[in-house]
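Chain residues, written in single-letter form:
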Amino acid sequence: MSELERLLVETAPEIDWPVTPPRLVLPAAEPQRWRRAAIVVALAAPLAIAVAFAVPGARSAILRAFHLEGATVVRVGVLPPAEERPLAALIGYPVSAAQAQQLLGVPVVLPPLEKRPRFYAESGVVSALLDLNEPVLLSELQTGGGDEILQKFAGESTGISHVRVGRAPGLWISGAKHVYLAPSVPSRLAGNVLLWVNDGIVYRLEGRSLTEADALRLAGQITGT
Amino acid sequence: MEGRPHEERELVRRAKHGDERALEELVRAHQEAAFRLAYVITGNAAEAEEAAQQGFIKAWRAFGRFRSSRPFRPWLLRIVANEARNRRRSSGRHAALAVRAAAGRVSGDAAPSPEDIALAADESRRLIAALDSLPEPAREVLACRYLLGLSEAETAAALGVRPGTVKSRTARALEQLRGSYE
């Protein structure tokens with residue numbers, strides 16, 4: 001360091017800086033696009049996987065990218081590592097109904113239940129564990145306009161079929177488990193999943209032994225048949 | 001990620017999980033550096049506050065695109081610096097940096113006399129005045145490196161240039177300062 005550089009460094013503490021404002025605040029109450037983007041990824045990934053399986057010729061491709069709602073799914077012959085964990089694990093922190101509504105922009109809708117479940121939020125995804133014959137995880141998120149590109153991976157042996165929930169398009173993913181990549185949490189293997197999009201909200205129902213008929217019935221109760 | 005404090009990695013991880021307090025903590029840790037950087041660029045405390053505030057909001061909204069493997073501070077400083085440059089372009093001015101009235105670095109072990117302190121303070125003021133007289137790119141790179149203590153990488157992010165440019169620009173700026181100060 002030269003003498004001049006040393007002088008500059010020694011002078012630094014003597015600069016009369018204006019006082020740093022004590023509270024430069026973050027917009028906690030504002031909509032957070034990064035969270036919405038993360039949500040889109042989390043729930044669009046299985047949707048993209050479904051599309052990948054539905055595209056003729058995709059099964060023979062070792063690597064192929066599919067884009068949907070801002071997410072990219074790369075089709076691979078072998079699924080990436082993913083862990084098994086309970087449906088309710090790592091679904092976020094408890095939030096009130098009002099906070100959940102703030103995240104979604106609309107109230108969280110539920111099927112008729114004897115007791116309202118608790119809501120959880122994780123990277124913008126609002127989830128609730130429905131206490132039915134078997135636990136069913138309901139997740140809801142804004143579609144978000146697809147403002148972020150992310151990559152996901154899908155294998156070849158999961159059954160995918162197009163379904164309708166009322167007029168809303170959906171996908172039923174069943175059979176062999178697929179990899180669910182939620183933002184910033186370890187990937188996990190997902191069971192049977194129904195995805196559908198209605199009025200700017202992506203809905204996701206997942207259960208280990210959830211049947212297509214039960215999933216569609218629940219979905220109809222949530223967004224109407 | 002190498003060299004990053006474990007605490008920052010943990011905060012980033014929590015923030016990526018949607019923990020708003022973690023993101024707020026991350027931003028607050030670098031609030032002073034961000035504000036002073038904005039002040040160096042805008043030369044106006046009110047504009048610097050606006051730039052820092054707006055930069056934090058943009059960082060908040062863009063956090064989904066922040067790559068966890070990268071250090072957080074350069075990313076935040078780049079956003080705030082961009083905001084500050086936009087404000088400088090619209091306001092079109094910069095104010096001089098100032099040295100505190102009671103300042104005066106004095107070397108040596110002996111207790112400095114009032115005359116020593118006064119001389120040292122004069123020297124500091126002269127140095128900062130010389131720095132302020134430099135063209136904007138030279139002034140900014142020296143302020144970032146030596147007054148704010150930013151690393152080359154952080155300075156590069158703040159000024160929107162490559163690290164190699166920071167190195168060469170710093171060398172040229174020091175020569176200009178030497179000519180102006182000595």
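Rules used throughout
Residues numbered from 1 in each chain as written. Chains lettered and ligands numbered in written order. Predicted model: local features only at pLDDT ≥ 70, side-chain atom pairs only at ≥ 80, totals over all residues. Helix = DSSP H or I, 4+ residues; strand = E, 2+ residues; numbered from the N terminus. Buried ≥ 20, exposed ≤ 12 C-beta atoms within 10 Å, placed from the backbone. Pairing = 2+ DSSP bridges. Core = buried A, V, L, I, M, F, W, Y, C linked by C-beta atoms within 7 Å. Domains from an automatic or database assignment. pLDDT = per-residue confidence, 0-100. Contact = placed C-beta atoms within 7 Å. Axes fitted to C-alpha atoms, helices over the stretch in contact; angles between N-to-C directions. Parallel < 35°, antiparallel > 145°, perpendicular 65-115°, else oblique. Nonpolar A, V, L, I, M, F, W, Y, C, P; charged D, E, K, R; others polar.

K.L.:
How should unusual backbone geometry be read in this particular structure?
P.N.:
Phi is mostly negative for residues that are not glycine, and the peptide bonds are mostly trans. Positive phi values are uncommon outside glycine, yet L90 of chain A reaches one of about 55°. Its place among the elements puts L90 of chain A in the loop between β2 (71-75) and β3 (93-95).

K.L.:
Help me understand the pairing of strand β4 (residues 119-122) of chain A, please; the structure alone is not making it clear to me.
P.N.:
Look at any regular strand and the pattern is simple: side chains alternate between the two faces of the sheet. Residues and elements named next belong to chain A. Burial of the side chains of β4 extends over both faces: F119 and A121 are buried on one face and Y120 and E122 on the other. Here three bridges tie β3 to β4, and the two strands are oriented antiparallel to one another. Residue pairing for β4: V95 is matched across the bridge by F119. By the bridge criterion, three bridges tie β4 to strand β5 (residues 125-131) in an arrangement that is antiparallel. Note that in β5 the partner of Y120 across the bridge is S127. Taking the residues between adjacent antiparallel strands as the criterion, β4 and β5 are bridged by two residues, where S123 takes a positive phi near 50°.

K.L.:
Before we go on, may I ask you to explain the nonpolar core in this structure?
P.N.:
Note that soluble globular proteins tend to have their nonpolar side chains buried in a common cluster. Membership of the largest hydrophobic core comes to 50 residues, with the highest contact counts inside it found for A34, L37, A38, L77, V80 and L142 of chain B. Among the domains, domain 1 (6-91) and domain 2 (115-181) of chain B are the pair contributing at least three residues each to this core. Membership of the second largest hydrophobic core comes to 38 residues, among which are V108, Y120, V165 and W172 of chain A.

K.L.:
Please explain the confidence of the model for chain A as it appears in this structure.
P.N.:
Detailed reading of the predicted model is not advised wherever pLDDT is low. All names here are of chain A. Chain-level statistics for chain A give a pLDDT mean of 70 and a share of 66% at 70 or above. In this model, residues 27-68 is a region of pLDDT below 50 whose contacts with residues beyond four sequence positions or in other chains number 118 contacts. For residues 146-151, every residue scores under 50 in pLDDT, and the model assigns this stretch 19 contacts once sequence neighbours within four places are set aside.

K.L.:
Is there a simple way to explain the confidence of the model for chain B in this structure?
P.N.:
Per-residue confidence for chain B averages 82 on the pLDDT scale, and 83% of its residues sit at or above 70. With pTM at 0.50, the complex prediction returns an ipTM value of 0.82.

K.L.:
What's the story with the environment of L113 of chain A in this structure? I'm lost.
P.N.:
Residues and elements named next belong to chain A. Here L113 is to be found in the loop between α3 (97-104) and β4. Residue L113 is classed as exposed on the basis of its C-beta count, with 12 C-beta atoms lying within 10 Å. Separated by 17 residues in sequence, L113 and L130 place their C-alpha atoms 8.2 Å apart.

K.L.:
What's the story with the pairing of strand β6 (residues 135-142) of chain A in this structure? I'm lost.
P.N.:
Residue and element names in this part refer to chain A. Most of β6 is tucked away, with seven of its eight residues classed as buried. As judged from the six bridges shared by β5 and β6, these two strands associate in the antiparallel manner. Counted as the bridge partner of V126 is E140 from β6. What sits between the antiparallel neighbours β5 and β6 is a turn of three residues. In this sheet, strand β13 (residues 201-207) lies alongside β6 in antiparallel orientation, the contact comprising six bridges. In the strand pairing of β13, E140 is matched with Y203.

K.L.:
It is not clear to me how the sheet that holds strand β8 (residues 158-165) of chain A should be interpreted in this structure. Could you clarify?
P.N.:
Sheets are built from strands that pair by backbone hydrogen bonding, the pairs being arranged parallel or antiparallel. All names here are of chain A. The eight strands are arranged β3-β4-β5-β6-β13-β12-β9-β8 in an open sheet whose pairing can be described as antiparallel. A strand with exactly one partner marks an edge of an open sheet, and here the two such strands are β3 and β8. The mean angle between the axes of side-by-side strands here comes to 25°, regardless of whether they run parallel or antiparallel. Running at roughly 40° to β4, α3 makes contact with β3, β4, β5, β6 and β13 of the sheet.

K.L.:
Explanation requested: the environment of E136 of chain B in the structure shown.
P.N.:
Residue and element names in this part refer to chain B. Relative to the helices and strands, E136 resides in helix α7 (residues 136-147). Look at E136 and you get exposed, because 12 C-beta atoms sit within 10 Å. Considered as a pair, E136 and I41 are 95 residues apart in the sequence and their alpha carbons are 8.5 Å apart.

K.L.:
For this particular structure, what's the right way to read the packing of helix α8 (residues 152-159) of chain B against helix α9 (residues 163-181) of chain B?
P.N.:
Helices that pack against each other are described as a pair by the angle of their axes relative to one another and the distance between those axes. All names here are of chain B. Put simply, α8 and α9 touch, their axes get as near as 8 Å, and they point 95° apart. One way to sum up the angle between α8 and α9 is to call them roughly perpendicular. In contact with E152, A153, T155, A156 and L159 of α8, α9 contributes P163, V166 and K167. Looking at the contact of α8 with α9 residue by residue, the class counts come to five nonpolar, one polar and two charged.

K.L.:
Sorry, what's going on with the packing of α7 of chain B against α9 of chain B here?
P.N.:
Residue and element names in this part refer to chain B. Remark: α7 packs on α9, axes separated minimally by 9 Å, with the N-to-C direction vectors making an angle of 105°. The pairing of α7 with α9 is recorded here as roughly perpendicular in orientation. Contacts between α7 and α9 involve P137, A138, V141, L142 and R145 from the first element and V166, R169, T170, R172, A173, Q176 and L177 from the second. Considered class by class, the residues forming the contact of α7 with α9 number seven nonpolar, two polar and three charged.

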